[in-house]
Every structure is written in C-alpha cells, then in structure tokens.
Amino acid sequence: DLPLRSTAKMDFTWGVKGKDFVLLASDKQATHSIIVVKSDQDKMYQLNDHQVLAVTGEAGDTVQFAEYIHKNVQLYQIRNGIPLSPNAAANFIRGELARYLRSRTPYSVNCLLGGVDPQDGSAGAHLYYLDYLASLNEVPFAAHGYGAHFNLSILDRYYKPDLSVDDAKELLRKCLAELRKRFIIHLPTFSVRLVTKDGVQTIDWNAEMAA
Amino acid sequence: MSIMSYNGAAIVAMAGKDCVAIASDRRFGVQAQTVSMDFQKIFPMGERLMVGLAGLATDVQTVSERLRFKMNMYKLREERDIEPVTFMHMISNLLYEKRFGPYFCEPVIAGIDKHGKPFISSTDLIGCPMTPGNFVVAGTCSEQLYGMCEALYVPDLGPEDLFETISQSLLNAQDRDALAGWGAVVHVITKDQVITRTLKSRMD
C-alpha cells in the first residue's frame, strides 16, 4: 500500500493562479498527534526571486526536502547566471521526488509550487501541484490536505482565469471561511504569499482579515 | 486499495484501414478527489507512433520521460524513426527490467509502420506484449472498454469512421467508471497526418 501517514492530511496548503501572479496560502500549525507544537511555522520556502514552494507531509521530510530543493535551485542560479524557470523547477522537484520514491528513504511530501517567469509577461504565472508519489500537474488552482476537500468545489465555482489580486484574496477569504465553519480542526493563522513578476510579497493575513 | 486504481485511467487503441486511433480520458485524481482535467496520458513517440500509459500517474510520467530519452537516443543513433513493433519490444524490455519492483503502468501502443500497415499492441505492467490486431485497452475501466470495443468494432474502418467508433467506445466505458473521465483526447494516425480531437464528455 502507498505510504503516507494520516497526520499529513491535517496540514493545509492552497494556491490560485491569476492573470500574472500566484497567490499561495498555508496554515501555520506544526502538530504532532493531538498536540500543537508550534503555531507560527512557515511552510513556504522561497526558492528564488520569483518562486515559492509550499510543502506539507511527514514531519522532517518536509523541511529536509524543501531545503534540499531550495539549495539546489540556488546552486543552479549561481552556476548558470540565470534562475530556473518555474517549469524547470517543477520538473526538477518531480524528478527528485520520483528518484527517492523507489529508494529506501522516500520523501513523504506534498508540494505546491507557485512561480512567475518575469520574461514571459502575462503568460508567465504557473502553479504546480505535486503529490508525494511524484506526479506533477500544472493547475489553475489547487490545495493539499483535508482542507482541499472543503475548498476545491468553491474554487471550481468562483475561479476565473483572469483573476485580479483582490479577487484572489476574496477567494481565499471564502475558502478559509468554509474551513472555519466546517472543518473540525481549528486553523487560526495562515501564511500568505503573493508571487508576481516583481517578486515575492508576504501578505499579513491577520491585517487582511481585520480590514 | 490497489495501486493500479489509485489515479484512474481509460486508454484504448483501434486499428482501421491504413489508419490507427488512440484515445484516452483526461482525469487526474487521487482516489475519489479529482485534481486536474487535462492530464496527458498519450505521448507521441515519432511522427506516426503514439503510446498511451494507464496506471499510477507518477509512473506514467516517469515511463514517458524514460521512453522519450530512449527514443531520442534511438533517433540519434539510427537516424530514422523507430518501427512500432521495435518500440513495443523497447517498452517490454524497459518494463521487464523492473520485474521485481515494477513500474505500475500499462502501455498501449498505436502506430503505422514504414509500409503503411497499422499496428496496435499493449503490454502488462511487467512487459508482456500482446498484438491482437483489432483493438487494445488499458486502465481502471478496461472491462467496460473490452465490452464496448467488442460490440462496436468492425475491421477496416476509414479514419472518420474509426474516430467515431473509438470515441463511442471510450466515452461510454469511462462513463461507467468513477475514476476515469472528465473529457477525452482522440488521435487518429494515418500515413500522412495525425488528427487530434478533444471531446467533451460527462464532466463528472
């Protein structure tokens, strides 16, 4: 049977691709069984100026794998003088996950990669969904974990390909409201990152919610 | 929970008169949850050769990438396109190499050989080849596909009729499978060209 502990599903990551940006969100709780060990854990890793990787899954595997990917993406940039494109980065991540899948030490990690290729103009925003078995999909929106079951239908209903940043934030608001109402696990805080051709911006979601 | 039915797929290939067709569904899902509706399961391996891969999605992607590499090397060394029957043996060997830790995917091959003769075949996940001559199927709804193909297939169909036949076989089979569906892609390969059509099916 395929390995992935059920605790991995408690983490929540979410992503939506807009006209020329990607909005990513993840919860901030690090849990071990019934205990919340830390409630300000950042599950997103900025791979380079225009790409963010959100990871969930087995504790430890997530950090080890994400840091490994981050260092290698940086190394490519150092060696070659130009950054990896989002498509190349996504396929690199898939290749590494696939390589380790049939080893003695597979990584049990689900990823969402959001990136913008500044050279590509409005066609440059990409969101990739990678699951722990190393399958890769480019998608307009995605989520991992139990939260996905609550949010994908809302995204199906309200998503449009030419979303503005404010529209995307509104979508996030709707999705998180649904989780708050219907998901048994209370997720109080979220990290939210906006990736555009100008770079990665951290959005203070508490401030957004208060506004 | 079976590994081969973790993601879900429906692939079918049929032979006609001087043409072949290969079709697949477009769903990528994780058990009951659908993640994307444009997942590629059929890959071109030459101007008149295509392979469809059913099974675990990660292995569909890994095997298609490995096949692309082998095909590129073949082209560089041989300076010609590969024959479909040779390609079948290549896949069979690739899969059997992993006999005791296999790739969880079942390929379906459709192509036209250098003499213009249609060729279709499939293998199981460890590479046992099968070349029936009329149609081959793979995926979570293979039994439904066998039924539809057996009912609708007649030999020596032209490209247009073959398209209709393979489309109806696929659509009606995948509608009876929860894990396959969300649209379909049909490629009809003749000596001169490949016509690709995307079908809108029941989107559930």
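For the structure itself, look to the data block above.
Fair warning: this is a prediction, and the values are worked out from it, not measured in the lab.

Conventions and cut-offs
- Residues numbered from 1 in each chain as written.
- Chains lettered and ligands numbered in written order.
- Predicted model: local features only at pLDDT ≥ 70, side-chain atom pairs only at ≥ 80, totals over all residues.
- Heavy atoms only, no water.
- Helix = DSSP H or I, 4+ residues; strand = E, 2+ residues; numbered from the N terminus.
- Rg over C-alpha atoms; globule rule 2.2 N^0.38 Å.
- Buried < 20%, exposed > 50% of the residue type's maximum accessible area, 1.4 Å probe, protein only.
- Contact = heavy atoms within 4.5 Å.
- Areas by Shrake-Rupley, 256 points an atom, 1.4 Å probe, with all protein chains shown as cover.
- Lys, Arg positive; Asp, Glu negative; His and termini not counted.
- Charge placed at Lys NZ, Arg CZ, Asp CG, Glu CD.
- Pairing = 2+ DSSP bridges.
- Axes fitted to C-alpha atoms, helices over the stretch in contact; angles between N-to-C directions.
- Buried area = accessible area lost by both parts, 1.4 Å probe.
- Salt bridge = Lys/Arg side-chain N within 4 Å of Asp/Glu carboxyl O.
- Bend = angle between axes of the 7 residues up to and from the residue.
- Left-handed = near helix turned anticlockwise from the far one by under 90°.
- Nonpolar A, V, L, I, M, F, W, Y, C, P; charged D, E, K, R; others polar.
- Polar contact = N/O pair within 3.5 Å; in protein donor to acceptor, adjacent residues only side chain to side chain.
- Expected span 1.5 Å × (residues − 1).

A. Spotlight on the overall build of chain B. Looking only at helices and strands, one finds 4 helices and 12 strands in chain B. The globule rule puts the C-alpha radius of gyration for 204 residues at 17 Å, and the 16 Å found for chain B is close to it. The buried share of chain B, reckoned over its 204 residues, is 54%. Sequence separation of at least 24 residues holds for 60% of the intrachain contacts in chain B that already meet a minimum separation of 6. Per element, the accessible surface of chain B, about 9,100 Å² overall, is 50% carbon and sulfur. In chain B, the 20 positive side-chain charges and the 24 negative ones have mean positions that sit 4 Å from each other.

B. Spatial organisation of the sheet that holds strand β12 (residues 199-203) of chain A. Residue and element names in this part refer to chain A. Here 5 strands make up an open sheet; going across it, the order is β10-β1-β2-β11-β12 and the pairing antiparallel. The open sheet has two free edges, formed respectively by β10 (141-144) and β12, since each of these has just one partner strand. Going from strand to strand, the sheet's axes swing by 15° on average, the running direction of each strand aside. The pairing of strand β1 (residues 13-17) with strand β2 (residues 22-27) spans 5 bridges and is classified as antiparallel. Bridge assignment links K17 to a residue of β2, and that residue is V22. In the packing of helix α3 (residues 146-158) onto the sheet, contacts are made with β1 and β10, and the angle to β10 comes to roughly 165°. Set on the sheet, helix α4 (residues 165-182) makes contact with β1, β2, β11 (190-196) and β12; between it and β1 the angle comes to about 150°.

C. Just the interface of chain B and chain A, in detail. Contact with chain B, which involves 23 residues of that partner, is made by 21 residues of chain A. Together, the buried faces of chain B and chain A total about 1,500 Å²; carbon and sulfur atoms form 48% of this surface. Across the contact surface, chain B and chain A share 2 salt bridges. Those elements that place two or more of their residues in the side of chain B that touches chain A are β3 (28-30), β4 (33-36) and α1 (57-78) of chain B. If one sorts the elements of the side of chain B that touches chain A by residue count, α1 of chain B sits on top with 6 residues.

D. Region of the structure containing α3 of chain A. Taking the largest bend as the criterion, α3 of chain A deviates by roughly 30°, centred on L152 of chain A. Taken together, the buried positions of α3 of chain A are occupied by G147, A148, N151, L152, I154 and L155 of chain A. Contact partners of the buried residues in α3 of chain A: β1, β10 and α4 of chain A together with β4 of chain B.

E. Spotlight on the packing of helix α3 (residues 142-152) of chain B against helix α4 (residues 159-174) of chain B. Residues and elements named next belong to chain B. Orientation of α3 relative to α4, taken along the N-to-C sense of each, is 145°, at an axis distance of 8 Å. Where α3 crosses over α4, the two elements pack in a sense that is right-handed. Where α3 approaches α4, its residues Q144, L145, M148, C149 and L152 are matched on the opposing element by T165, Q168, S169, L170, N172 and A173. In the contact of α3 with α4, the residues fall into 6 nonpolar, 5 polar and no charged.

F. Fine view of the pattern of salt bridges. All names here are of chain A. In total, this model carries 18 salt bridges over all chains according to the counting rule given. Across the pair D40 and K38 runs a salt bridge whose closest N-O atoms are separated by 3.1 Å. The partner of E96 in a salt bridge is R99, and the shortest N-O contact between them spans 2.7 Å. Residue E96 and its partner R99 are located together in helix α2 (residues 86-101), separated by 3 residues, close to a single helical turn.

G. Geometry of the side chain of H50 of chain A. Residues and elements named next belong to chain A. Looking at where H50 falls in the secondary structure, it is placed in the loop between β5 (44-48) and β6 (51-57). Using a relative accessible area of 14% as the deciding quantity, one classes H50 as buried. In terms of polar contacts, H50 uses its side chain to reach the backbone carbonyl oxygen of K197, at 2.8 Å.

H. Structural detail: α1 of chain B. All names here are of chain B. With 22 residues, α1 should cover 32 Å at 1.5 Å per step; its first-to-last C-alpha distance of 31 Å lies within 8% of that length. Within the sequence span of α1, burial applies to A57, T58, D59, V60, Q61, T62, V63, S64, L67, M71 and Y74. One or two positions beyond α1, positive phi appears at E79, with a value near 55°.

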